[in-house]
Amino acid sequence: MNVEPTAQLTLPPYESVALLLQGGGALGAYQAGVYQGLSEAGITPNWLAGISIGALNIALIAGNPPERRLERLTEFWETICQPDVGLRFNPFIEHSLFQLNDLMRGALGMFGATTALLNGQKGFFRPRFPPPSRNGKGAIQSASYYDVSPLKETLERLCDFDLINDGPQHVAVGAVNVQSGNFVYFDNRVQRLRAEHFMASGALPPAFPAIEIDGEHYWDGGIVSNTPLSYVLASRPLRDTLAFQVDLWAARGHVPTNMDEVAERMKEIMYSSRTRLVTDQLHKAQQLRRVLNHMRHDLEADKREDAYYMQLADEMGTSARYNIVHLIYQHAQHESHYRDFDFSLSSMRAHWDSGLADIRNTLSDPTRLDMPANEAGFVTHDVHRPEE
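Basis of the calculations
Residues numbered from 1 in each chain as written. Predicted model: local features only at pLDDT ≥ 70, side-chain atom pairs only at ≥ 80, totals over all residues. Heavy atoms only, no water. Helix = DSSP H or I, 4+ residues; strand = E, 2+ residues; numbered from the N terminus. Contact = heavy atoms within 4.5 Å. UniProt positions renumbered as here; feature names shortened; annotations may be inferred. Buried < 20%, exposed > 50% of the residue type's maximum accessible area, 1.4 Å probe, protein only. Core = buried A, V, L, I, M, F, W, Y, C linked by side-chain atoms within 4.5 Å. Pairing = 2+ DSSP bridges.

Chemist: Could you give an account of the environment of asparagine 165, naming the residues involved and the relevant values?
Modeler: Mapped onto the secondary structure, asparagine 165 falls in helix 7 (residues 161–166). Separated by 103 residues in the primary sequence, asparagine 165 and alanine 62 have C-alpha atoms spaced 8.9 Å apart. Other than its neighbours up to four places away in sequence, asparagine 165 contacts Asn188, Gln191, Arg192 and Leu193.

Chemist: How would you explain the UniProt feature "active site" (unreviewed entry) in the chain if you had to name every residue and give the values?
Modeler: The residues that UniProt annotates with the feature "active site" (unreviewed entry) are Ser52 and Asp220. Sequence-wise these annotated residues cover 169 residues; spatially they are packed, their C-alpha atoms never more than 5.9 Å apart. Within the fold, serine 52 resides in the loop between strand 2 (47–51) and helix 2 (53–62). Leaving out residues up to four positions away in the same chain, serine 52 has contacts with Gly23, Ser201, Gly202 and Asp220. Within the secondary structure, aspartate 220 sits in strand 8 (residues 216–220). Judged by its relative accessible area of 3%, aspartate 220 falls in the buried class.

Chemist: Outline the nonpolar core, listing residues and values.
Modeler: Core analysis: the largest hydrophobic core is formed by 71 residues, its most contacted members being Leu19, Trp77, Leu155, Phe198, Phe244 and Phe343. Here this core takes eight residues from helix 2, the largest share from any one element. Ignoring sequence-local partners within four residues, the contact set of phenylalanine 198 consists of Ala55, Leu56, Ile58, Ala59, Leu155, Phe161, Ile164, Val171, Val173 and Leu193. Core analysis: the second largest hydrophobic core is formed by 17 residues, Ala49, Ala172, Leu233 and Ile324 among them.

Chemist: Please give an account of the pairing of strand 5 (residues 170–177) that cites residues and values.
Modeler: In terms of residue burial, strand 5 counts as a mostly covered element, since eight of its eight residues are buried. Inspection of the sheet shows strand 2 paired to strand 5 by five bridges, in the parallel sense. Looking at the pairing, isoleucine 51 lines up with glycine 174 of strand 5. As paired strands, strand 5 and strand 6 (residues 183–187) are joined by five bridges and run antiparallel to one another. Each bridged residue has a counterpart across the sheet, and for alanine 172 the counterpart in strand 6 is aspartate 187. Counted between consecutive antiparallel strands, the loop separating strand 5 from strand 6 contains five residues, among which glycine 181 sits at a positive phi close to 80°. Sheet topology note: the strand 5/strand 8 ladder contains three bridges and is antiparallel. Its bridge partner being in strand 8, alanine 175 is matched across the sheet by aspartate 220.

Have a look at this one:
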């Protein structure tokens, strides 16, 4: 695997370069590593969309000028990978133990996940005391096991929300309306985004409370859909797009042989975004759009214009092209079903390094970023799967 820094790249003339970040809790450090690799290569996305932990990473990227983004991402992850209360491992000792073997890495991961459950994470969430009632009525904001007010303070300290709203980048994050059950996107082209919009995208129940925004309450968007890919590619006007989709759960896996593996595989299937299914559906839709675009020209050439069908072809047809680059975290052998809430510092660094290695490996072949030249105008790439 190529892990050397990538030289600065010159992209084909894509109108939109999108960074799409999925949910996955502590695994989100992988996305920070991917962003580091893109930054090394001089690739600056102008379309940023995320869900859950992906939304928080989007806030840190969009809410800072390019020269400060890695610094802020590092500060965020090194902050939240400390327990909110209680003692923590000396970082040097923890790192040394982590390097010993998979058995020790697994033990440290379990310890990190247990610490997160019992003590919370600094600048992110803390346990409620007393714990919430299971049956009695209480306040909406306290119907969760953890208080996330520290996250609001962290986001407001590390992110410039005026820059998020007034900057050149298109930003959107997904959440679910608790009362209607509808999936919604908070989009800086539609409304001004605040810390609460990003927190709502990551408010996974029952751990975290619903976040109130303008009288409505929202939960984590991953409950309904864990990828913003469809939203971004369907946004009008349709444009030539290079999209880096960064997923934290792999849909493909093995049949479980014990109960830990059952819990692990269940999460993978629930939160994997059905990456291949969504991509295949978008591919087919793109083929139909291209056909409609060709039909429109044929109608004009034959002067057999029908106002309704011409209007339909205008609205649905496109000559836009799409290149989807998948980066999907491949979990390590020692990791188990609790890896999404293992916030130990060593695990975080391993996830970050994995994302950095994957994007460097991807960019080592710049032809993967070429504008699609096939009839469908749609290609996908994934360094963990054979090229199609």
